[in-house]
Amino acid sequence: MAYFAYRGRNGAGQLVEGTLEAADPGAVATQLSGLGVTPVDIRAATAGAVAARAASDLPKDAFGRPLKVRPAELMLFSRQMYALLKAGVPIMRALGGLQESSENPAMKAALKAVRESLEGGRDLSQSMARQKHVFTPFYVAMIYVGESTGRLDEVFLRLFHHLEFQEFMRSQVKQAVRYPIFVIVAMAAAIVVINLFVIPAFAKVYRGFGAELPVITRGLIAFSDFTVQAWPWIAGGLVAAIVGFVQWTGTVGGRLAWDRIKLRLPVAGKILLKATIARFSRSFALAVRSGVPIVQGLTLTAQTVDNAFVARKVEKMREGVERGESVLRTAVAAAIFTPVALQMIVVGEESGALDDMLQEVADLYQREVEYELKTLSAQIEPILIVALGVLVLILALGVFLPIWDLGSAAMKK
């Protein structure tokens, strides 16, 4: 099957354009005729053109940006589909009801497209795969498994729990890095205020005395003078650095390097690693438990870990399994898993209950992440106290040493 871009005239003579998936241009013409459209031009469409057209067809916000479907909305959809299918409601009716009740135009449009695709004779997994902005390859693969095994309602429930866990871990990671970032920004703001306003005021007083100032005071004044004179260049450089960093992390190599650096950050790095291992374990367990082959399960799981560096390691694991190696051996070679996780994988492979052991790993690290976050402030406080102490010591010596020197000189006179 391939995509074809078409132009034609409808029954009212109006020009219509779009893309269709078919085996050849003749099949496209047949589909258009069935829709009451007389084809004028049919040509093969590239994947990029199809993606661009799909993006242009999405509902837009006030700024012209495509609306997105939030994870919470996809979670709700999965739970509602489970309840409706469990109650015996046909899929078309269930999708129609959820389409009408959805408050997000993007979700409403996606469900409408899925229904139209189902009416065209496609399976549910194929129809969802066409809505890449809503349903991930992992989600689509699970739906395909549900269709193949006749347990679609059960798969929707598992997907709900999976998405719930993914969102929980994502929020936990954000919470882990929010506190250190806030403290660093606050300290940087304090340094800027001191250099721009506090030190210049003291410098005027010291210059009036005409006395020789201590080295540390001269250093503070020189740095303050540089900041006052060059602050536009400093601000511009900071903005350029931020923009450059965003663009760098937008590249494949930059994203890979940054995700690797994040896992090695002091304090927060180990929390991010545990959260990533938990996401991998839960996703892989769901894939294996649902009947997905291990090789395909690793490929799908690599797309859910939310870390390019770990995803690359998981892809290496998949290549090793394809060569006939065990999951344990490939996991050891990946060098990202803790000894506890590796031990659980050993037990899972030997007992034939790999999905259960991976689920245990996910639950274990979920609890550890929650505990680490509760004690995060206690872990960071010593570092902050030392940093603040050094900063206060430098400022105190730089500001008060000249006063002490002048006071001593006055007493000698």
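To be clear, the structure that these remarks concern was listed above.
Procedures and definitions
- Residues numbered from 1 in each chain as written.
- Predicted model: local features only at pLDDT ≥ 70, side-chain atom pairs only at ≥ 80, totals over all residues.
- Heavy atoms only, no water.
- Helix = DSSP H or I, 4+ residues; strand = E, 2+ residues; numbered from the N terminus.
- Buried < 20%, exposed > 50% of the residue type's maximum accessible area, 1.4 Å probe, protein only.
- Contact = heavy atoms within 4.5 Å.
- Areas by Shrake-Rupley, 256 points an atom, 1.4 Å probe, with all protein chains shown as cover.
- Expected span 1.5 Å × (residues − 1).
- Bend = angle between axes of the 7 residues up to and from the residue.
- Polar contact = N/O pair within 3.5 Å; in protein donor to acceptor, adjacent residues only side chain to side chain.
- Core = buried A, V, L, I, M, F, W, Y, C linked by side-chain atoms within 4.5 Å.
- Phe/Tyr/Trp six-rings, centres within 6.5 Å; stacked < 30°, edge-to-face > 60°.
- Lys NZ or Arg CZ within 6 Å of the ring centre and 35° of its normal.
- Salt bridge = Lys/Arg side-chain N within 4 Å of Asp/Glu carboxyl O.
- Axes fitted to C-alpha atoms, helices over the stretch in contact; angles between N-to-C directions.
- Parallel < 35°, antiparallel > 145°, perpendicular 65-115°, else oblique.
- Left-handed = near helix turned anticlockwise from the far one by under 90°.
- Nonpolar A, V, L, I, M, F, W, Y, C, P; charged D, E, K, R; others polar.
- 1 Å grid on protein atoms, 1.4 Å probe; cavity = no way out; pocket = protein on both sides within 12 Å on 5 of 7 lines; lining within 4 Å.
- Points joined across faces, edges and corners; volume = space filled by probe spheres on them.

S.K.: Help me understand the overall build of the protein in this model?
M.R.: Scanning the protein from terminus to terminus reveals 17 helices and three strands. Taken across its 413 residues, the protein has 38% of its residues classed as buried. Nonlocal contacts in the protein, meaning residues at least 24 apart in sequence, comprise 59% of its contacts between residues at least 6 apart. Entry remark: accessible area of the protein is about 23,000 Å², with carbon and sulfur atoms responsible for 63%.

S.K.: When you look at helix α9 (residues 215-250) in this model, what are you seeing that I'm missing?
M.R.: For an α-helix, the turn length of 3.6 residues means that residues three or four places apart are oriented alike. In a regular helix each residue adds 1.5 Å, so 36 residues correspond to 52 Å; α9 covers only 44 Å between its end C-alpha atoms and thus falls short of that length. Along its length, α9 shows its largest kink, about 75°, at A230, and proline P232 lies within four residues downstream of that point. Where α9 is concerned, the buried positions are T217, L220, I221, S224, T227, A230 and T249.

S.K.: Where do I start with helix α13 (residues 308-322) in this structure?
M.R.: Along its 15 residues, α13 runs 21 Å from first to last C-alpha, staying within 8% of the 21 Å computed at 1.5 Å per residue. Backbone nitrogen of F309 and a side-chain oxygen of the N-cap are separated by 3.0 Å at the start of α13; the cap is N307. Residue G324 follows α13 closely and has a positive phi angle near 100°.

S.K.: I keep staring at the environment of L159 and nothing clicks. Help me out?
M.R.: Here L159 shows up in helix α8 (residues 152-209). Residues L159 and M142, spaced 17 residues apart in sequence, show a C-alpha to C-alpha distance of 7.8 Å. Apart from the residues lying within four places of it in its own chain, the contact partners of L159 are S78, F138, Y139, M142, I143 and L286.

S.K.: Explain the nonpolar core here, please?
M.R.: Counting residues in hydrophobic clusters, the biggest one holds 42 residues, and the most contacted among them are F280, F284, L298, V310, M317, V327 and F337. When residues of this core are traced back to their parent elements, those giving at least two are α8, α11 (268-289), α13, α14 (327-334), α15 (339-351), α16 (354-374) and α17 (376-412). It is α11 that contributes the most residues to this core, eight residues altogether. Once residues within four sequence positions are removed from consideration, V327 is found in contact with F284, I294, M317, V321, I345, E349 and L354.

S.K.: Looking at this model, I keep getting lost on the packing of aromatic side chains. Mind explaining?
M.R.: Each aromatic ring pair is specified by the distance between its two centres and by the angle formed by the two planes. Using the criterion set out here, one finds seven aromatic pairs in the structure. Between F77 and F135 the ring centres are 5.9 Å apart and the planes differ by 55°, which places this aromatic pair in the tilted class. Linking F77 in helix α3 (residues 71-86) with F135 in the loop between α6 (124-129) and α7 (137-149), this pair joins segments that are 58 residues apart in sequence. Exposure class is identical for F77 and F135. Each is buried. Seen from their ring centres, F135 and Y139 are 5.3 Å apart, and the 40° between their planes marks the pair as tilted. Here R282 stacks its cationic end above the ring of F165, 3.9 Å away from the centre of that ring.

S.K.: Would you explain unusual backbone geometry in this entry?
M.R.: Backbone phi values are negative for most residues with the exception of glycine, while trans is the configuration of most peptide bonds. Backbone geometry at D306 places phi at a positive 65°, although glycine is not the residue there. With respect to the helices and strands, D306 occurs in the loop between α12 (294-301) and α13. Positive phi outside glycine occurs at A335, with the angle close to 60°. Along the chain, A335 turns up in the loop between α14 and α15.

S.K.: Looking at this structure, I do not really get the environment of D355. What am I missing?
M.R.: With respect to the helices, strands and loops of the structure, D355 is situated in helix α16. Separated by 10 residues in the primary sequence, D355 and I345 have C-alpha atoms spaced 9.2 Å apart.

S.K.: Can you help me understand the pattern of salt bridges in this one?
M.R.: For side chains bearing opposite charge, pairing can occur when the charged atoms are close. Evaluation of the coordinates by the stated rule reveals 16 salt bridges. R151 serves as the salt-bridge partner of E154, at 3.9 Å between the closest nitrogen and oxygen. According to the relative accessible area criterion, E154 is partly exposed, its value standing at 28%. Between E154 and R158 there is a salt bridge; the shortest N-O distance is 2.6 Å. You can see E154 and its partner R158 sitting in helix α8, four residues apart, about one turn around the helix. Judged by relative accessible area, which is 19%, R158 ranks as buried.

S.K.: When you look at the packing of α11 against α16 in this model, what are you seeing that I'm missing?
M.R.: Angle between the axes and distance between the axes are the two parameters that describe a pair of packed helices. Two numbers describe how α11 lies on α16: the axes approach to 8 Å, and their chain directions differ by 155°. As far as their axial angle goes, α16 and α11 are roughly antiparallel. As α11 runs across α16, the sense of the crossing is left-handed. Considering only residue class, the contact of α11 with α16 consists of 14 nonpolar, three polar and nine charged.

S.K.: Any chance you could explain empty space enclosed by the protein here in plain terms?
M.R.: A probe matching the size of a water molecule, rolled over the atoms, marks out where space remains unfilled. What the rule picks out here adds up to one cavity of 30 Å³ or more. Looking at the largest cavity, its volume works out to about 50 Å³. Around the largest cavity, the lining residues are I199, F202, A203, Y206, T217, L220, I221, G398 and V399. Counting residues per element, the ones that place at least two in the lining of the largest cavity are α8, α9 and α17. With four residues, α8 is the largest single contributor of residues to the lining of the largest cavity.

S.K.: I tried to follow the side chain of K274 on my own but got confused; where do I start?
M.R.: Take K274: it is sitting in helix α11. The exposure class assigned to K274 is buried, which follows from its relative accessible area of 15%. The residues touching K274, leaving out its near neighbours within four places in the chain, are Y365, E368, V369 and E372.

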